[in-house]
Amino acid sequence: MGTPLLLPTSLTFARNVFNWKKSTSNFILSACILLISFFANAQNEVVYLWSGAITSSSARVNAKMTLPTDQARLVVSTSPDLSSPIYGPYATADASNNLMAPLSISGLTANTTYYYGVEADDVLDNSSDDIGRFRTAGPRMFSFRIVTGSCAMNSNHPVYDRMAEKDPFIFIVSGDFHYANPNSATNINVHRTPYETNMLSQAPSRNFLLKYPFAYTWDDHDFSGNNSDSTAAGRANARRAYREYVPHYPLAAGSGDEPIYHSFTVGRIHFIMTDLRSVRGLGNDLSVDPSLSMMGTLQKQWFKDQCIYARDRNLIIAWVSSVTFGGDRPDNWGGFIAEREELSNFFKASAIKNMFIISGDSHMLALDNGTNHDFSTLKDNPKKYPVFPAAALNQNGSNKGGTYSEGKFTNPDATYGQYGMIDVTDGGANQVTITFNGFRVTDAGVESTLISNKSFIMTTGFVLPVTITSFSVQPANNGNKLTWNVEEPDDCDHFAIEKSSNGIHFTNLADISCKNMSGPQMYNYLDDHPISGNNYYRIKVVNENGKEFYSAIRKVVAKDKEGIRYVGSPVKNQLYVKFDNPLKKKMHFSIVNLLGQRVITGDIESGAQDLKLSTMQLSSGLYLLQIKGVNFQQTLKFVVQ
């Protein structure tokens, strides 16, 4: 790992040793000079490093250093020898983060292979085993390969070599990255050390992770032990160690002692990585209680918002659920049947069209075409979502329930490894093909295929010739005002404004020209005849040849129904809520904190036009306001200062 440390050979030190009998103080002084000289000549080297948070123009690398520094930075080049490099900003490695420097780089070129190393205190560690590699994401229509796996008892296994041979764009880890079962409320190193000893120091996993970036969410054995949940003693330390060691995408819950759920987009695939451990409400007795939540209130709302975000942008959802969605055990979704049904009803009601689910936990490879994973109340969702459990990278086999159209392949024992491969083939226009393969690897490195080239074509809607950067609908002047912003409107003839009462069948309201426009533009349209009930709006872009329509974003606004028009936020002493119309029926409200606890509850009488609540008793932070009534439910976020 770079140039060896240089020991001083000072003649002064030899002379002082010779005179030791004359002066003990001289010897002590010389010893200090020796130590100072030693550290002055020592090179700050890389111990471990790995990459993640890859976008079309940026990346993150976390690197463990041998010595403290506030002058560590990423060196990135298109050449393996790191010639003609570009540099990232300086970062600090010290006792506070266990010498793990959080490094970043931006300004990269899309769909390009880069090599990276670390410079500390103006010296580059250019040893071959400390130079990594990654590829940036491509444009919107981008084909790429994923390898995915979970449940690694021993990272010294050839399964990592076989995954490397597939040359993936990214490695998706769906939990149990290691099996150390850390759980300490007092010793952060209990949660830090397994990343080093189990993943970064074993040659097969180290070499693989040096060349291929990863995205990762945890499960129980790498969070805080078998069947662990939000009550685990080590929860705060697990969250802290993850933030220190893992080069992750931005975490939606923010910094500090918060859960690790996050999302990112590659090409036309929107990945949603959920944290199903550190906010889980399951007690230690593992009793099956359908009222309990695996996601927690805030994460679940975020998850639904992410699904809508992807739907409205014609993106395919790749949901990474660390436990099997079709499982029947208390510790997977089988123990949270009410919440699973709620999510399935949401998928159906929200017209979530394109999604596949990746999971771990159960030590098997399996694939379902979606027909066995509709858990909506009536089991009548017309959309089917492929489900792909991929485990175990190496661990004894287990089968935790579920029915799979393409079969289940349990890991024979811990000497075997299994993993999944997903090819995303985007040929443009309105179709993307998702192809699943599953492999088994012996401890001698011999690979066999368990699931072969099972493909699903997902229709996404056409790629817009104009990028609509925002689209909102607001009540105004006895109607609904539509506002949208676009980037450079090349190849655009006109916008077609359409409306629907059910979000399925749309009729045209108006055409607005976008010919000969240049630069970013903002457009407005007033629908002065909204219908009673729900109004769905959609913008279509008609290109200059007039033959093709391209679906854009849709929104919903209610007329003559209960609804919240305004929530004042941030809040200092009083929360103020304004309703669209006087309430026709009595409502119930709850204020919920980040732990999912209802801290304030009450009723709102019919006829009320607003709600005013004292927040003097609430500490600073983020809260949810939930208002429920007959055939009505709405949840909004607000911040107390």
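Everything discussed here concerns the structure shown above.
Looking at the overall build of the protein
A tally of regular secondary structure across the protein gives 9 helices and 36 strands. Counting all 641 residues of the protein, 52% fall into the buried class. Counting only contacts in the protein whose residues sit at least 6 apart along the sequence, the fraction spanning at least 24 positions is 66%. If you sum the accessible surface of the protein, you get close to 26,800 Å²; carbon and sulfur atoms cover 50% of it.

Points about the pattern of salt bridges
The full count for this structure, using the stated rule, is 27 salt bridges. Its salt-bridge partner being Lys454, residue Glu406 comes within 4.0 Å of it at the nearest N-O pair. With Glu406 in the loop between strand S18 (387-389) and strand S19 (408-410) and Lys454 in strand S22 (residues 447-459), this pair connects stretches of sequence that are 48 residues apart. The exposure class assigned to Lys454 is partly exposed, which follows from its relative accessible area of 29%. A salt bridge links Glu605 to Lys586; the shortest N-O distance between them is 4.0 Å. Of this pair, Glu605 sits in the loop between strand S33 (598-604) and strand S34 (610-614) while Lys586 sits in the loop between strand S31 (574-579) and strand S32 (587-592), and the two are 19 residues apart along the sequence. For Glu605, a relative accessible area of 49% translates into the label partly exposed. With relative accessibility at 46%, the residue Lys586 sits in the partly exposed group. Salt bridges sharing common partners tie together Asp219, Asp220, Arg277, Arg280 and Asp331.

Topic: unusual backbone geometry
Ala391 connects to Ala392 through a cis peptide bond whose omega is 0°. Relative to the helices and strands, Ala392 is located in the loop between S18 and S19. Positive phi, close to 65°, is recorded for Cys151, a residue that is not glycine. Note on placement: Cys151 falls in the loop between strand S10 (144-149) and helix H3 (159-165). Cys151 gets classed as buried once you look at its relative accessible area, which sits at 0%. In this structure, Asn314 takes a positive phi of about 55° despite not being glycine. Structurally, Asn314 is set in the loop between helix H8 (297-312) and strand S15 (316-321).

Observations regarding the packing of aromatic side chains
Two numbers describe a pair of aromatic rings. These are the distance of the centres and the angle of the planes. Going through the model one piece at a time under the given rule, you end up with 39 aromatic pairs. Ring geometry for Tyr160 and Phe208: centres 6.2 Å apart, planes at 50°, overall tilted. Taken together, the residues Tyr160 in helix H3 and Phe208 in helix H5 (residues 203-211) connect sequence positions 48 residues apart. As far as burial versus exposure is concerned, Tyr160 and Phe208 are alike and both buried. Summarising the aromatic geometry, the rings of Trp319 and Phe325 are spaced 5.3 Å apart at their centres and angled 70° between planes, so their arrangement reads as edge-to-face. With relative accessibility at 0%, the residue Trp319 sits in the buried group. Look at Phe325 and you get buried, because its relative accessible area is 1%.

A closer look at the sheet that holds strand S24 (residues 479-486)
If you trace the 3 strands from one edge of the open sheet to the other, you get S23-S24-S27, paired in antiparallel fashion. The open sheet has two edge strands, strand S23 (468-476) and strand S27 (521-527), and neither has a second partner. On average, each strand axis in the sheet is inclined to that of its neighbour by 15°, with strand direction left out of account. One ladder, built from 7 bridges, connects S24 with S27; its direction is antiparallel. Looking at the pairing, Asn485 lines up with Met522 of S27.

Concerning the nonpolar core
One broad trend across soluble globular proteins is that nonpolar side chains are buried collectively. Counting residues in each nonpolar core, the largest one holds 54 residues, and the members touching the most others are Leu103, Phe144, Phe264, Ile269, Phe271, Phe356 and Ile434. Once residues lying within four places of it in the same chain are set aside, the contact partners of Phe144 are Phe169, Val266, Ile269, Phe271, Ile422, Asp423 and Val424. Judged by nonpolar contacts, the second largest core, of 36 residues, contains Tyr48, Leu200, Ala241 and Tyr242.

Some remarks on the packing of H8 against helix H9 (residues 337-349)
Where H8 contacts H9, the two axes come as close as 11 Å, and the packing angle between them is 25°. Our classification of the angle between H8 and H9 gives roughly parallel. The hand of the H8/H9 crossing is right-handed. Every residue of H9 that contacts H8 at Lys300, Phe303, Lys304, Cys307 and Ile308 is listed here: Glu339, Glu342, Leu343, Phe346 and Phe347. Taken together, the residues of the contact of H8 with H9 sort by class into 6 nonpolar, no polar and 4 charged.

What to know about the packing of helix H4 (residues 189-200) against helix H7 (residues 235-245)
Running from amino to carboxyl end, H4 crosses H7 at an angle of 40°, the nearest separation of the two axes being 8 Å. For the element pair H4 / H7, the angle class is oblique. Considering only the axes of H4 and H7, their crossing is right-handed. Counted together, His191, Arg192, Tyr195 and Glu196 of H4 and Asn237, Ala238, Arg240, Ala241, Tyr242, Glu244 and Tyr245 of H7 form the full contact between these two elements.

A look at the pairing of S10
Moving residue by residue along a regular strand, the side chains alternate between the two faces of the sheet. A large share of S10 lies buried, amounting to 5 of its 6 residues. Here S10 runs beside strand S20 (residues 417-426); their pairing, made up of 5 bridges, is antiparallel. Following the sheet pairing, Ile146 is matched in S20 by Ile422. Where S10 and strand S11 (residues 170-173) come together, 4 bridges link them in parallel fashion. In the sheet register, Thr148 faces S11, and the bridge partner there is Ile172. For the segment spanning S10, H3 and S11, crossover handedness is right-handed.

Overview of H8
Compared with the 22 Å implied by 1.5 Å per residue over 16 residues, the 23 Å span of H8 between its first and last C-alpha is a close match. Looking only at H8, the buried set comprises Leu298, Gln299, Lys300, Trp302, Phe303, Lys304, Gln306, Cys307, Ala310 and Asp312. In the stretch just after H8, Asn314 is the one whose phi turns positive, near 55°.

Basis of the calculations
- Residues numbered from 1 in each chain as written.
- Predicted model: local features only at pLDDT ≥ 70, side-chain atom pairs only at ≥ 80, totals over all residues.
- Heavy atoms only, no water.
- Helix = DSSP H or I, 4+ residues; strand = E, 2+ residues; numbered from the N terminus.
- Buried < 20%, exposed > 50% of the residue type's maximum accessible area, 1.4 Å probe, protein only.
- Contact = heavy atoms within 4.5 Å.
- Areas by Shrake-Rupley, 256 points an atom, 1.4 Å probe, with all protein chains shown as cover.
- Salt bridge = Lys/Arg side-chain N within 4 Å of Asp/Glu carboxyl O.
- Phe/Tyr/Trp six-rings, centres within 6.5 Å; stacked < 30°, edge-to-face > 60°.
- Pairing = 2+ DSSP bridges.
- Axes fitted to C-alpha atoms, helices over the stretch in contact; angles between N-to-C directions.
- Core = buried A, V, L, I, M, F, W, Y, C linked by side-chain atoms within 4.5 Å.
- Parallel < 35°, antiparallel > 145°, perpendicular 65-115°, else oblique.
- Left-handed = near helix turned anticlockwise from the far one by under 90°.
- Nonpolar A, V, L, I, M, F, W, Y, C, P; charged D, E, K, R; others polar.
- Right-handed = clockwise from strand over helix to strand, strands pointing away.
- Expected span 1.5 Å × (residues − 1).

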